[in-house]
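So you can see what is in the structure, the chains are spelled out below.
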Amino acid sequence: MRSKDLETQLIERALSSLEERFGIDPDYFRSYHLFTRRNDVWCCTHQAGEVELPRIVRRGLRIARVFEHSVRPTTNAVQLFGHLVKRNRVDLDERETKRFLAGQTQDIHLPEVEGGECVTGVTDGFVVAFNMDFALGVGLLKGNKLKSQVPRSRRVIG
Amino acid sequence: MLARFEEMGFDLSQFVPALLRPPSQTFRINTLKGSREQVLKSLSLLEPEPVGWNDLVFRIKDRQKLGNLLEHFLGLIYAQDASSTIPVTVLDPQPDEEILDMAAAPGSKATQIAAAMANTGLLVANDVSPKRIPSLTANLDRSGVLNTVVTRLPGQAYGHIAAERFDRVLIDAPCSSEGTLSRSFRALEIWSKSAIKRLSATQRNLIMSAYYSLKPGGVMVYSTCTFAPEENEGTVSHLLDKFPDAIVEPTDLEGLNSQPGFSEWRGEEFNPAVKNILRLFPHEHDGEGFCVARISKPN
């Protein structure tokens, strides 16, 4: 079992990374109960986090996976909290959206790049893909290549 | 099965074709992900029409693969038969309450409850079947539900482990599924008089457990997707025999064409209060067959 300190560290790392990379205010999550399972950070209401019952399968929603050098928010989390994203957002047209939902890797059109960095502040790494006002999920951006991170079970083919 | 339907007083020439004809496709807007206006604007090409009794449930004219729509992927809508949205509409969940969905998989009603609670409080989504838990969790995830704990227990356990805990309880009971023949003929494979007897015994245990787990002053909804009186009026009558104080409340949903519960079946007189059960028939209502009872526990 993980100590409370380690759990707090993992959660704080996830929150600060979400703030740094996507501009998501960590205070937004303070009103929820956050906890970890392995390298994943989960989020639920306080009542759901505190209730004691036998044979609990899970509580709330997995919001992020913490890697050694990065934090990847989940598709389910960005679809719920996408309106909080201020940075590293890419907007997809209809055709790009279809490919993204199918889990494909694609070349996308990004705004003018100056000195290797996009003028809108989009940098290589995890980004949140949008269609109109809706956050679709997370992609991994390298140059103009966007690799969809939509999990297999959620992909829409056709 | 047909002989029983005739015995229930149905005109088979109208009832059977309606039972086998798929009802209009319907979806429910998930307000945890978007507003009603936002979703209706996004789906305007489908020309959705409100069902009347619930502002968030809509019919569409032409059949669509709703699961392939962007709005479905985003969790903005949940494809759900119109009748299946009625138990939660009748339960009327409120924010910050503690609610139990005793047989929750695959999650259509649990996600509807969570949305009505605005992702606050506590929803315990229970299902006894390990095989059905993944579909439940997948639908909770897609719908953006944060207030839910998923448990895998026999529903019968809740009366003991959580006595008088919940503000509201939904028991959408396992049943002989006679009302779902338009969707699949699986009900025909499992249907038998002995299955009805066995299911009825399980339902009696579940409704008792649900009532025990309800706080004084709380409300529960018992529903099935079958017509069998043993599984509907018989089960509710059993509860009323054990708890004469329990109240089966009258339910009136605007624009919903329903019938009252049966007063007797094969010589067995039911408790008169079961007339307040809502019975939905496919030849009178554009949806699957359903039975819904709203029961309150006095303070």
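Here, the structure is the one placed above.
Small disclaimer: the values here were computed from a predicted structure and weren't measured.

A. Representation of the interface of chain B and chain A within the structure. Each partner contributes to the interface: chain B provides 32 residues, whereas chain A provides 30 residues. Here chain B and chain A share an interface that buries about 2,800 Å² over both sides, 66% of which is from carbon and sulfur atoms. Area buried by chain B at its contact with chain A is led by Phe73(B), Asp141(B) and Leu146(B), which between them contribute 27% of it. The interface formed by chain B and chain A contains 1 salt bridge. Here Asp141(B) and Arg58(A) are joined by a salt bridge, their closest N and O atoms 2.5 Å apart. There are 9 residue pairs in polar contact (both at pLDDT 80 or more) connecting chain B and chain A. Counting only elements with at least two residues in the side of chain B that touches chain A, the list comes to α3 (36-42), α4 (70-73), β6 (122-126), α7 (133-142), β7 (148-151) and α8 (158-161) of chain B. Here the residues of the side of chain B that touches chain A are counted per class, giving 15 nonpolar, 11 polar and 6 charged. Bridge analysis of strand β3 (residues 56-59) of chain A against β7(B) gives 3 bridges, and the strand direction is antiparallel. Residue pairing in the sheet places Arg59(A) in a bridge with Val149(B) of β7(B).

B. Just the sheet that holds strand β12 (residues 145-148) of chain A, in detail. Residue and element names in this part refer to chain A. Taking strand neighbours across the sheet as the criterion, the 5 strands line up as β6-β10-β11-β12-β7 in an open arrangement whose pairing is mixed. Across the chains shown, the open sheet's two edge strands, defined by having one partner strand only, are β6 (89-91) and β7 (105-107). Geometrically, the sheet is characterised by an average inter-axis angle of 40 degrees between neighbouring strands, direction not taken into account. Along the sheet, helix α5 (residues 94-101) makes contact with β6, β7, β10 (125-131), β11 (134-142) and β12, crossing β11 at roughly 80 degrees.

C. Examining empty space enclosed by the protein more closely. Summed over the entire model, instances satisfying the criterion amount to 2 cavities of 30 Å³ or more. Taken together, Leu18(A), Ile24(A), Phe29(A), Ile63(A), Pro73(A), Ala77(A), Val78(A), Phe81(A), Gly82(A) and Val85(A) make up the full set of residues lining the largest cavity. Take the lining of the largest cavity: its biggest share by element is 3 residues, from helix α4 (residues 75-81) of chain A. Split by residue class, the lining of the largest cavity holds 9 nonpolar, 1 polar and no charged. There is about 30 Å³ of room inside the second largest cavity. Forming the boundary of the second largest cavity are Arg58(A), Arg59(A), Gly60(A), Leu140(B), Val145(B), Thr148(B) and Val150(B).

D. Main features of α5(A). Of all the positions in α5(A), only Glu96(A), Thr97(A), Phe100(A) and Leu101(A) are classed as buried. Along the axis of α5(A), the buried positions cluster into a sector of 135 degrees, meaning they face one direction only. The exposed set on the far side of α5(A), more than 90 degrees from its buried face, consists of Arg95(A) and Lys98(A). Against the buried residues of α5(A) lie β6, β7, β10, β11 and β12 of chain A together with α4 of chain B. A side-chain oxygen of the first residue of α5(A) lies 3.2 Å from the backbone nitrogen of Arg95(A); this N-cap is Asp93(A). Once α5(A) finishes, Gly103(A) follows within two positions and takes phi at roughly 85 degrees, a positive value.

E. Layout of the layout of surface pockets. There is about 650 Å³ of room inside the second largest pocket. Lining the second largest pocket are 24 residues, and of these Glu94(A), Asn131(A), Ser42(B), Leu70(B) and Glu71(B) lie nearest its centre. Of the residues contributing to the lining of the second largest pocket, the split by class is 11 nonpolar, 7 polar and 6 charged.

F. Layout of the pairing of strand β1 (residues 33-37) of chain A. Residues and elements named next belong to chain A. Strand direction decides the pairing type here: β1 and strand β2 (residues 40-44), joined by 5 bridges, are antiparallel. When the sheet's bridge partners are listed, phenylalanine 35 is paired in β2 with tryptophan 42. Hairpin connection from β1 to β2: 2 residues lie between these consecutive antiparallel strands, with arginine 38 at a positive phi of about 50 degrees.

About the cut-offs
- Residues numbered from 1 in each chain as written.
- Chains lettered and ligands numbered in written order.
- Predicted model: local features only at pLDDT ≥ 70, side-chain atom pairs only at ≥ 80, totals over all residues.
- Heavy atoms only, no water.
- Contact = heavy atoms within 4.5 Å.
- Buried area = accessible area lost by both parts, 1.4 Å probe.
- Salt bridge = Lys/Arg side-chain N within 4 Å of Asp/Glu carboxyl O.
- Polar contact = N/O pair within 3.5 Å; in protein donor to acceptor, adjacent residues only side chain to side chain.
- Helix = DSSP H or I, 4+ residues; strand = E, 2+ residues; numbered from the N terminus.
- Nonpolar A, V, L, I, M, F, W, Y, C, P; charged D, E, K, R; others polar.
- Pairing = 2+ DSSP bridges.
- Axes fitted to C-alpha atoms, helices over the stretch in contact; angles between N-to-C directions.
- 1 Å grid on protein atoms, 1.4 Å probe; cavity = no way out; pocket = protein on both sides within 12 Å on 5 of 7 lines; lining within 4 Å.
- Points joined across faces, edges and corners; volume = space filled by probe spheres on them.
- Buried < 20%, exposed > 50% of the residue type's maximum accessible area, 1.4 Å probe, protein only.
- Arc of directions from axis to C-beta.

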